[in-house]
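One-letter residues, chain by chain:
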Amino acid sequence: MQKEPSAKYRNSQQAVLDILLKQKLIADLVHKQDMPHHDLVESLVRKENMAQLQQILNHLPSAEIAHILEGLPLEDQLLIWEQLDDEHKQPILLEAPISVLQILGKQDYKTEKSRIKAFDLREGRLHEITLDTPKDLRKAKPIWIDLVAPTFEDRIWVGDIFGIEFPDPDKLSDLESSARFYVEENGEIHLHSDFLLDKDDVSRNIAVAFILYQDILFSIRKEELPVFRLQRLRALSQPDFVANARDILLDLYAANAEYSADALEDVYLALEVVGTHVLSKPMSDEEAAKILVDIANEEDLNGRIRRNVMDTRRAVSFLMRGKFLAKDQLEYSQQILRDIESLDGHTAFLFDKINFLMDASVGFININQNKVVKRLTVVSVVFMPLNVLAGIGGMSEFSMMTKNIPWPISYSIFTLGLVIVGWLTFIILRILENHEHQKSDKRQPKTGIP
């Protein structure tokens, strides 16, 4: 019974090798033959072979696939790797030897070099290290490695070089708050923070994972952020701007607070435009609805800024409490916390201003609705006596009373009477309304302002 699984896997391995060999033979044969629809035939044959290969691979355990990859040439390794989905790749790479990881990681890395950036210090300035192969990263002495939307293969081979395990950037937001700042047994310092990304069309918070290990800062995130570009430019242009990985980390948090302050200024400007529109003249319902949308967008941005600076405060406080910083870095951290404290007051003020403008806009909508209801009320009051008279005019008694008068004359006189009654009712309503306005004007206190 114990021999059956191993025999099954050997048969599967041989089936994989047979499919790869058959694919090569048929491809060579098709290329040598002079036939119509050459590309179509080759595509159909390849599709059929790849479907068979996928069916076999889906039923093999991860360790067996890793063993198969190890014994294949580079071209066949990449061909098999393309047929695997992401769910199968992760456990396979955990079982694969370093030689396979380096080949797959190197191939995938060459297609998109911008995913991984490494920086070192030269003459007090931050310089980017040119990475053509993973060997370049092994030879370098970086103080900062920045991974933007890395694949699982990227995280594996970079982590293998430095002996650490990188988190998945797609799952950073799933972490509980208690697991955002901690220290591993081997000395790794982990921080997971939110950084603001403020764009014209949409604003959102991007989760970023930091790892401090062996005087190297590792940062992992899903997309590029303005704060990181700003930090790289400053450290490149200004000598002695940073001295080690902890300086880079603190400068990133300081730049994040500065970026949040700039976003707050944009909120101020946007609310000033909205406030001028709200307080200058009456608005229609359409204008009020548009302004409410603008206010809601600014409120959302203000909330994200508040969350962003709060998260930055927690991260800086964690570094200070953990005694991970030098004396000058502690003073710098105190300055960052003071800047964040000032931003808290601004966000609170903006929340109050947003609520005021929203209440004012809703008030204009209510006023417009009251005007509509008032018009409908006037119309209903004017037509109420007319409905009574019209009901009487439609009765048989009215015809009996006017039987000696021709009906065109009688009903014309009746219609004229309806018009006169309606007009008198409207005049009475206007007189009562003016009387109420005069009473309200007398009740208002005199301010002495001409």
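For the structure itself, look to the data block above.
Bear in mind that the values here come from a model prediction, so they are computed numbers and not experimental data.

(A) Seen up close, the overall build of the protein. Counting its secondary structure elements, the protein contains 14 helices and seven strands. Every one of the 450 residues in the protein was classed for burial, and the buried ones make up 39%. In the protein, the share of contacts with a sequence separation of at least 24, taken over all contacts with a separation of at least 6, comes to 67%. Accessible surface, the protein: about 26600 Å² in total, of which carbon and sulfur atoms supply 56%.

(B) Main features of unusual backbone geometry. The phi angle at alanine 149 is positive, at roughly 50 degrees, despite the residue not being glycine. In this fold, alanine 149 is placed in the loop between β3 (144–148) and α8 (152–162). For alanine 149, a relative accessible area of 37% translates into the label partly exposed. In this structure, glutamine 214 takes a positive phi of about 55 degrees despite not being glycine. Tracing the chain through its elements places glutamine 214 in the loop between β6 (203–213) and β7 (216–221).

(C) Looking closely at the pairing of β7. The buried count for β7 comes to six of six residues, which makes it a mostly enclosed element. Here β7 shows two buried faces, one formed by Ile216, Phe218 and Ile220 and the other by Leu217, Ser219 and Arg221. Where β6 lies against β7, six bridges are found, and the strand directions are antiparallel. The partner of leucine 212 across the bridge, within β7, is leucine 217. Counted between consecutive antiparallel strands, the loop separating β6 from β7 contains two residues, among which glutamine 214 sits at a positive phi close to 55 degrees.

(D) Fine view of the packing of aromatic side chains. Summed over the entire model, instances satisfying the criterion amount to 12 aromatic pairs. Here the aromatic rings of tryptophan 144 and phenylalanine 228 are separated by 6.2 Å at their centres, their planes lie at 35 degrees, and the arrangement is tilted. With tryptophan 144 in strand β3 and phenylalanine 228 in helix α9 (residues 226–237), this residue pair connects regions lying 84 residues apart in the sequence. In this structure phenylalanine 228 comes out as buried when scored by relative accessible area, which is 0%. Joined through ring pairs, the aromatic side chains of Phe119, Trp144, Phe195, Phe210, Phe228 and Tyr253 make up one cluster. The cationic tip of arginine 221 hangs over the ring face of phenylalanine 228; the distance from NZ or CZ to the ring centre is 3.9 Å.

(E) Representation of the pairing of strand β5 (residues 189–198) within the structure. Burial within β5 is extensive, with nine of its 10 residues counted as buried. Relative to β6, β5 runs antiparallel, the two sharing 10 bridges. Along β6, the bridge assignment pairs serine 193 with valine 208.

(F) Structural context of the environment of alanine 207. For alanine 207, the location among the structural elements is in strand β6. Once residues lying within four places of it in the same chain are set aside, the contact partners of alanine 207 are Leu172, Ser173, Ser193, Asp194, Ile220 and Arg221.

(G) Main features of a nonpolar patch on the surface. A contiguous nonpolar patch, built from Leu416, Ile420, Trp423, Leu424, Phe426, Ile427 and Ile431 and spanning about 670 Å² of accessible area, is present on the exposed surface. Relative to the assigned elements, phenylalanine 426 resides in helix α14 (residues 407–443).

Conventions adopted
- Residues numbered from 1 in each chain as written.
- Predicted model: local features only at pLDDT ≥ 70, side-chain atom pairs only at ≥ 80, totals over all residues.
- Heavy atoms only, no water.
- Helix = DSSP H or I, 4+ residues; strand = E, 2+ residues; numbered from the N terminus.
- Buried < 20%, exposed > 50% of the residue type's maximum accessible area, 1.4 Å probe, protein only.
- Contact = heavy atoms within 4.5 Å.
- Areas by Shrake-Rupley, 256 points an atom, 1.4 Å probe, with all protein chains shown as cover.
- Pairing = 2+ DSSP bridges.
- Phe/Tyr/Trp six-rings, centres within 6.5 Å; stacked < 30°, edge-to-face > 60°.
- Lys NZ or Arg CZ within 6 Å of the ring centre and 35° of its normal.
- Patch = residues over 30% accessible without salt bridge, like charges linked within 9 Å, V, L, I, M, F, W, Y side chains within 5 Å.
- Salt bridge = Lys/Arg side-chain N within 4 Å of Asp/Glu carboxyl O.

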